[in-house]
Amino acid sequence: CGSNCCVVHCTPSSRAHGDMDKASVLLIVFAVLAAGASGQWLARTPQLPLALGEVASAVLGSSLLVVGQGGTNTCSLPLSSSSPTPLWNCGLAVRPFAGNHHVAVAPDANTLWLVGGFGSGAEGKVQIYNTISNSWSSFSLPAGFGGSLSAVLMNGILFFCGGISASITINTCGRYLLATAAFSSVPNMPVGVNHAAFATGGARIFVVGGRDGANVPSAGFNHLQIYTLSTNTWTSSSQPGSTLAPLPQARGGMGTGLYINGEVYVIGGETPLSSANPPTNGVYVRMDIYNPVTNSWRRGTDLPFGMHGFYPVYDSASGNLYVVAGGVRVGSSTSSTFIAINIPKPTTTTTTTTSSVNQVTDSPSTPSGPTDSPATDSPSMSRRSLNVVTAASSSSASHTSMRTPLLVVGACIAVVASVSLAILALHRRRD
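Residues numbered from 1 in each chain as written. Predicted model: local features only at pLDDT ≥ 70, side-chain atom pairs only at ≥ 80, totals over all residues. Heavy atoms only, no water.

Student: For this particular structure, what's the right way to read the sheet that holds strand S15 (residues 182-186)?
Tutor: Strand pairing in a sheet relies on backbone hydrogen bonds, with the paired strands running either antiparallel or parallel. Taken in spatial order, the four strands make up an open sheet running S10-S11-S14-S15, and their pairing is antiparallel. Bordering the open sheet on either side are strand S10 (150-154) and S15, each of which pairs with just one other strand. Neighbouring strand axes in the sheet, compared pairwise and without regard to direction, differ in orientation by 20° on average. Direction of pairing for S10 relative to strand S11 (residues 157-161): antiparallel, over a ladder of five bridges. Paired with Ala-151 across the bridge in S11 is Phe-160. (Pairing = 2+ DSSP bridges. Helix = DSSP H or I, 4+ residues; strand = E, 2+ residues; numbered from the N terminus. Axes fitted to C-alpha atoms, helices over the stretch in contact; angles between N-to-C directions.)

Shown next, in the form of structure tokens:
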């Protein structure tokens, strides 16, 4: 299978000794290959050398950075490298307040800001990493802000809202003007939330889902809350008479949202196992995508397994959406996951978004920081029989677009289907 060779470990079937039907294994392998060829989630190499949870990530220039719970490390991976085997460097300078539940924003290609957090004094702090000097500095937010808040950079301003302070979820908001280092107030968000997804397109802030209370898993909200910079006002699907479309599946724990091609991506999340109809391990595989033009949601390509406490990032240069580390079960959980999916980068520079609520122009920017079908969280058919799927890619495939010409993909799928059916028929005759 060339540069997208896959290793598939299957869950045991009901047959004696746990042996899976050979034809079923082949069908699964072919299904995974076909899915990978058409731009589905693929495992990336090299894997993160340590397990982290409640992470914060960012693409800075041509590098991917990640920090999180489970280590004080600052890790970096070059996304474009002449080396055939680029490696993670987790020996960079340690952040001064090595907590967790930070929000990552990038003012420029050489600077990472971690906003808020829990533990080690990270509450209400902004920690600044400079990639050139490999050094950290910090300053404090106004009193009353803690961690797991929503924060974005928009037009040279850091906006921050909600989160948990002293074990209480707040709806307070503020902003920090980078040019003058001055703080000022912003109207409170309609519903205070923590562990929400959030994103901006340059003119509005979208805060999606989230939950209430202290820093423990709880059933989340389905609210869509939008702050408009030009009017300095909030609207929310929770308000009486609102026409904003709420998130199809209420939840929190998604990490950041992503603004890609004029749409808002909300991925994964968690809910207590005591909730009504919880997903496997209490974590969601869902990818929900909001279109501000049509004020509607659609279902995207689900994660290969449920996750929470991760921090998806989008590299506009390659069109790849990366997920590094995060929890794989509700509550405290870590992993060394490294997966990606290709989403073609925007071909235009401006998207005009119009809805029945307002008319705003959002200019696509580097994401700041994730159905029309029922709100279920069942993986696709091919994934139900899989335990682990990994993809070993060549250097060029590992760090460039995963796009494949449609005609080639169609031909491959046709061949795969024909061979699979022939093998299945032969196997059944032998039985």
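Moving on from the coordinates now.
Student: Would you explain the pairing of strand S3 (residues 53-60) in this entry?
Tutor: The two faces of a sheet get side chains in turn, since along a regular strand they alternate between them. Within S3, eight of the eight residues are buried, which leaves it mostly tucked inside the rest of the structure. Pairing of S3 with strand S4 (residues 63-69) involves six bridges; the strand directions are antiparallel. In the strand pairing of S4, Ala-56 is matched with Val-67. Joining the antiparallel neighbours S3 and S4 is a turn of two residues, in which Gly-61 adopts a positive phi near 60°. (Buried < 20%, exposed > 50% of the residue type's maximum accessible area, 1.4 Å probe, protein only.)

Student: Help me understand the state of the cysteines, please; the structure alone is not making it clear to me.
Tutor: In protein chemistry, a disulfide is the covalent bond that joins the sulfur atoms of two cysteines. Scanning the model with the defined rule gives two disulfides in all. Residue Cys-75 pairs covalently with Cys-90 via a disulfide, S to S 2.1 Å. In this structure, the disulfide formed by Cys-75 and Cys-90 twists by about 115° around the S-S bond and is classed as right-handed. With Cys-75 in strand S5 (residues 71-78) and Cys-90 in the loop between S5 and strand S6 (103-108), this residue pair connects regions lying 15 residues apart in the sequence. Taking the relative accessible area as the measure of exposure, Cys-90 reaches 17% and is therefore buried. (Disulfide = S-S within 2.5 Å.)

Student: Looking at this structure, how should I read the confidence of the model for the chain?
Tutor: Close inspection of predicted coordinates is inappropriate in any region flagged by low pLDDT. On average, the chain scores 79 in pLDDT, and the residues at 70 or more come to 71%. Within the model, pLDDT remains below 50 along residues 1-38, and this stretch shows 68 contacts once partners closer than five positions in the same chain are excluded. Counted against residues more than four places away or in other chains, residues 364-431, with its pLDDT under 50, gives 147 contacts. (pLDDT = per-residue confidence, 0-100. Contact = heavy atoms within 4.5 Å.)

Student: Sorry if this is basic, but what is going on with the pattern of salt bridges here?
Tutor: Between side chains of opposite charge, pairing is possible as soon as their charged atoms come close. This structure, assessed with the given rule, holds five salt bridges. Glu-270 is paired through a salt bridge with Arg-211; the nearest N and O atoms lie 2.8 Å apart. You can see Glu-270 sitting in the loop between strand S21 (263-267) and strand S22 (287-291) and its partner Arg-211 sitting in the loop between strand S17 (204-208) and strand S18 (224-228), a full 59 residues away along the chain. One salt bridge connects Asp-288 with Arg-286, and the closest N-O pair in it is separated by 2.8 Å. For the residue pair Asp-288 and Arg-286, the accessibility class agrees, reading buried in each case. (Salt bridge = Lys/Arg side-chain N within 4 Å of Asp/Glu carboxyl O.)

Student: Help me understand the nonpolar core, please; the structure alone is not making it clear to me.
Tutor: General note: in soluble globular proteins, nonpolar side chains tend to be found buried as a group. Core analysis: the largest hydrophobic core is formed by 79 residues, its most contacted members being Leu-48, Leu-64, Trp-88, Leu-112, Val-115, Leu-158 and Leu-321. Among all residues touching Leu-64, those that are not within four sequence positions of it are Ala-58, Val-59, Cys-75, Ser-76, Leu-77, Leu-79, Trp-88, Val-313, Tyr-322, Val-324 and Phe-338. Leu-224, Ile-226, Leu-247 and Tyr-259 belong to the second-largest nonpolar core, a separate cluster that totals 15 residues. (Core = buried A, V, L, I, M, F, W, Y, C linked by side-chain atoms within 4.5 Å.)

Student: Where do I start with the pairing of S5 in this structure?
Tutor: Taken together, the five bridges between S4 and S5 define a ladder with antiparallel strand orientation. Residue pairing for S5: Leu-65 is matched across the bridge by Ser-76. Connecting the antiparallel pair S4 and S5 is a turn made up of one residue, with Gly-70 showing a positive phi of about 115°.

Student: Would you mind going over the packing of aromatic side chains with me for this structure?
Tutor: In this description, a pair of aromatic rings is defined by centroid distance and the angle of the planes. Scanning the entire structure with this criterion turns up 15 aromatic pairs. Measuring from ring centre to ring centre gives 4.9 Å for Phe-145 and Phe-160, while their planes differ by 85°; the resulting arrangement is edge-to-face. Remark: Phe-160 occurs in strand S11 and Phe-145 occurs in the loop between strand S9 (135-140) and S10; sequence separation between them is 15 residues. On the basis of relative accessible area, Phe-145 is assigned to the buried category, the value being 10%. Three or more aromatic residues joined by ring pairs form one cluster here, namely Trp-113, Phe-139, Phe-145, Phe-160, Tyr-176 and Phe-183. Taking the ring centre of Phe-97 as reference, the NZ or CZ of Lys-125 above it sits at 5.0 Å. (Phe/Tyr/Trp six-rings, centres within 6.5 Å; stacked < 30°, edge-to-face > 60°. Lys NZ or Arg CZ within 6 Å of the ring centre and 35° of its normal.)

Student: What exactly am I supposed to notice about the sheet that holds S17 here?
Tutor: One open sheet holds the four strands; their spatial order is S16-S17-S18-S19, and the pairing between them is antiparallel. Looking along the sheet, the strands with just one partner apiece sit at the ends: strand S16 (197-200) and strand S19 (233-236). Each adjacent strand pair in this sheet contributes to an overall mean axis angle of 15°, direction not counted. With five bridges joining them, S17 and S18 adopt antiparallel strand pairing. Opposite Val-207, over in S18, you have Gln-225 as the bridge partner.

Student: Can you help me understand the environment of Leu-303 in this one?
Tutor: Mapped onto the elements, Leu-303 comes out in the loop between strand S23 (296-299) and strand S24 (313-315). Overall, Leu-303 belongs to the buried group, its relative accessible area being 0%. In this structure, the C-alpha to C-alpha distance between Leu-303 and Gly-268, residues 35 residues apart in sequence, is 7.3 Å.

Student: Where do I start with unusual backbone geometry in this structure?
Tutor: The step from Thr-45 to Pro-46 runs through a cis peptide bond, and the omega angle for that step is 0°. Residue Asn-232 is not a glycine yet carries a positive backbone phi of 55°. Following the sequence through the fold, Asn-232 ends up in the loop between S18 and S19.

Student: When you look at the environment of Leu-42 in this model, what are you seeing that I'm missing?
Tutor: If you trace the backbone, Leu-42 turns up in strand S2 (residues 42-43). Between the alpha carbons of Leu-42 and Tyr-322 there is a distance of 9.9 Å; along the sequence they are 280 residues apart.

Student: I keep staring at the environment of Thr-294 and nothing clicks. Help me out?
Tutor: Mapped onto the secondary structure, Thr-294 falls in the loop between S22 and S23. When the C-alpha atoms of Thr-294 and Ala-245 are compared, they prove to be 9.6 Å apart, with 49 residues separating the residues in sequence. A distance of 2.5 Å separates a polar atom in the side chain of Thr-294 from a polar atom in the side chain of Ser-296. (Polar contact = N/O pair within 3.5 Å; in protein donor to acceptor, adjacent residues only side chain to side chain.)

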